[in-house]
Amino acid sequence: METNRPSSRDWHPIEEAIVEHIDRYGLTTPAAAHAAGVKGMNTLAIAEERLNALVRRGDLIAEPLPSTATGFVLSPVAQQRRGREITDRSGKPLSQRMVVERFAFLSFCCLHENRRTKLTHAELRERFADLYRPGSAHHYYVTTEDETPRLGFLRVDIGSYGRWDRIIAKVSEDLRHHLSHALVRTLLEQQAFELTLITPLPEKARRVQEAMAALQNVFPIPVRSIAVPELVNFIRPAPD
């Protein structure tokens, strides 16, 4: 983990855009920032250079990821400047679960062909207040990959092999919870709500997709199960 003494100067508009992007996802990488079209991140090399410059100024912390990439998170001082409560105490490394969930969300929204946008707490509270819960982590996104914009809920599976029943039970619980909201039922009538599961293993993604398709009559919410193989390195370190 790398950090420096924070700077109190105002952020340049490009720096502000970078900080806002990281604040939204909780984590970024040069590849994700570039792919997301963040202001000023015109190439992968420029993205890496700008992120490292903000580390040197104390606004970001570089987090080694269990892959060839380096992750960047907001420093405690930058969080305060964004008006946020400090969640990453004293700039300590993030927990494994937090890193996996943040990277999965970042990958899903910024590195896949169909881009989505993670909703911040403020955006969720303003646009979908019935689903907002103070003090809770929110895993909602908006996708415009079809003609009708859709609200989605993302669940990240940090398990490895086996125990299909456990993740299927969790997804079923998510579906049951969301069906209890009149807002979600209204969105479903408009074909404007979905649920996505991200799991590291393609075989597991396929098995869960098949199981949820069989429960479509019970839980009439579109469910997609996506494999992000890079997550295997986060959950189980690669062999030497």
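Cut-offs and rules
Every chain is numbered on its own, with residues counted from 1 as its sequence reads. Given that this is a predicted model, residues contribute local features only at a pLDDT of at least 70 and side-chain atom pairs are listed and counted only at 80 or more, while totals for whole chains, interfaces and linings are drawn from all residues. Where side-chain values are given, they derive from all heavy atoms of the structure, hydrogens and water being excluded. A run of H or I in DSSP counts as a helix once it spans at least four residues, and a run of E counts as a strand once it spans at least two, with each numbered from the N terminus. Classification of residues uses two cut-offs on accessible area relative to the type maximum, computed with a 1.4 Å probe and protein chains only: under 20% is buried, over 50% is exposed, and between them is partly exposed. Residues count as neighbours in contact if any of their non-hydrogen atoms are within 4.5 Å of one another. Residue-level accessible areas treat just the shown protein chains as cover; the underlying method is Shrake-Rupley with a 1.4 Å probe. Centre distance within 6.5 Å is the pairing criterion for rings of Phe, Tyr and Trp, where only the six-membered ring of Trp is used; planes under 30 degrees apart are then read as stacked, over 60 as edge-to-face, and the remainder as tilted. Distance and angle both matter: a charge sits over a ring if NZ of Lys or CZ of Arg is within 6 Å of the ring centre and within 35 degrees of the ring normal. Nine residue types can take part in a nonpolar core, namely buried Ala, Val, Leu, Ile, Met, Phe, Trp, Tyr and Cys, and a core is a set of them joined through side-chain atoms within 4.5 Å. Here Asp and Glu are counted as negative and Lys and Arg as positive; His is not counted, and neither are the chain ends. Here, a salt bridge means any side-chain nitrogen of Lys or Arg that lies within 4 Å of a carboxyl oxygen of Asp or Glu. We call two N or O atoms a polar contact when they sit within 3.5 Å, provided that within protein one can donate a hydrogen and the other can accept it, with sequence-adjacent residues counted only if both atoms are side-chain atoms. We call a pair of cysteine sulfur atoms a disulfide whenever their separation is within 2.5 Å. Paired strands, as defined in this entry, are two strands with at least two bridges between them according to DSSP. Multiplying 1.5 Å by the residue count of a helix minus one yields the expected span of that helix.

Caption draft 1: Quick peek at the overall build of the protein chain. Looking only at helices and strands, one finds 10 helices and seven strands in the protein chain. By the burial criterion, 45% of the 240 residues in the protein chain qualify as buried. Taking all contacts inside the protein chain whose residues are at least 6 apart in sequence as the whole, residues at least 24 apart take part in 64%. In the form shown here, the protein chain has an accessible surface area of approximately 12500 Å², with 49% of it arising from carbon and sulfur atoms.

Caption draft 2: Seen up close, the packing of aromatic side chains. Applying the stated criterion to the full structure yields two aromatic pairs. Ring geometry for F108 and Y141: centres 5.0 Å apart, planes at 75°, overall edge-to-face. Of the two residues, F108 sits in helix α5 (residues 96-111) while Y141 sits in strand β4 (residues 140-143), which places them 33 residues apart along the sequence. Exposure remark for Y141: the relative accessible area of 0% places this residue in the buried category. When the ring centre of Y132 is taken as origin, the NZ or CZ atom of R125, which lies over that ring, is 5.2 Å away.

Caption draft 3: Fine view of unusual backbone geometry. Of note, the phi angle at Q191 is positive, near 55°, even though the residue is not glycine. For Q191, the location among the structural elements is in the loop between α8 (182-189) and β6 (193-199). Accessibility expressed as a relative area gives 63% for Q191, which makes it exposed.

Caption draft 4: Summary view of the nonpolar core. Core analysis: the largest hydrophobic core is formed by 26 residues, its most contacted members being L151, L175, F193 and I221. Broken down by secondary-structure element, the contributors of at least two residues to this core are β4, β5 (150-156), α7 (164-179), α8, β6 and α9 (202-214). For this core, the leading source of residues is α7, giving five residues. Beyond its immediate chain neighbours, meaning those up to four positions away, L175 contacts L195, M212, F219, I221 and V223. Core analysis: the next-biggest nonpolar cluster, separate from the first, contains 24 residues, L27, L106, I198 and L231 among them.

Caption draft 5: Molecular detail of the side chain of K118. Topologically, K118 is positioned in strand β3 (residues 116-118). As a buried residue without a salt bridge, K118 has its nearest oppositely charged side chain in E123, at a separation of 8.1 Å. Within the local environment of K118, its side chain forms a polar contact with the backbone oxygen of H138, the two atoms lying 3.4 Å apart.

Caption draft 6: The arrangement of the state of the cysteines in detail. Evaluation of the coordinates by the stated rule reveals zero disulfides. This cysteine, C110, is not joined by any disulfide, and C109 carries the nearest cysteine sulfur, 5.9 Å off. We classify C110 as buried; its relative accessible area is 3%.

Caption draft 7: Looking closely at the pairing of strand β1 (residues 60-64). Among the five residues of β1, four are classified as buried, and the element is accordingly described as predominantly covered. Bridging between β1 and strand β2 (residues 70-74) involves five bridges; their strand directions are antiparallel. Note on β2: the bridge partner recorded for A62 is F72. Joining the antiparallel neighbours β1 and β2 is a turn of five residues.

Caption draft 8: Seen up close, helix α1 (residues 13-25). Spanning 13 residues, α1 covers 19 Å between terminal C-alpha atoms, matching the ideal 18 Å at 1.5 Å per step. Along α1, the residues classified as buried are I14, E15, I18, V19, H21, I22, D23, R24 and Y25. Where α1 terminates, the next one or two residues include G26, which has phi positive at roughly 80°.

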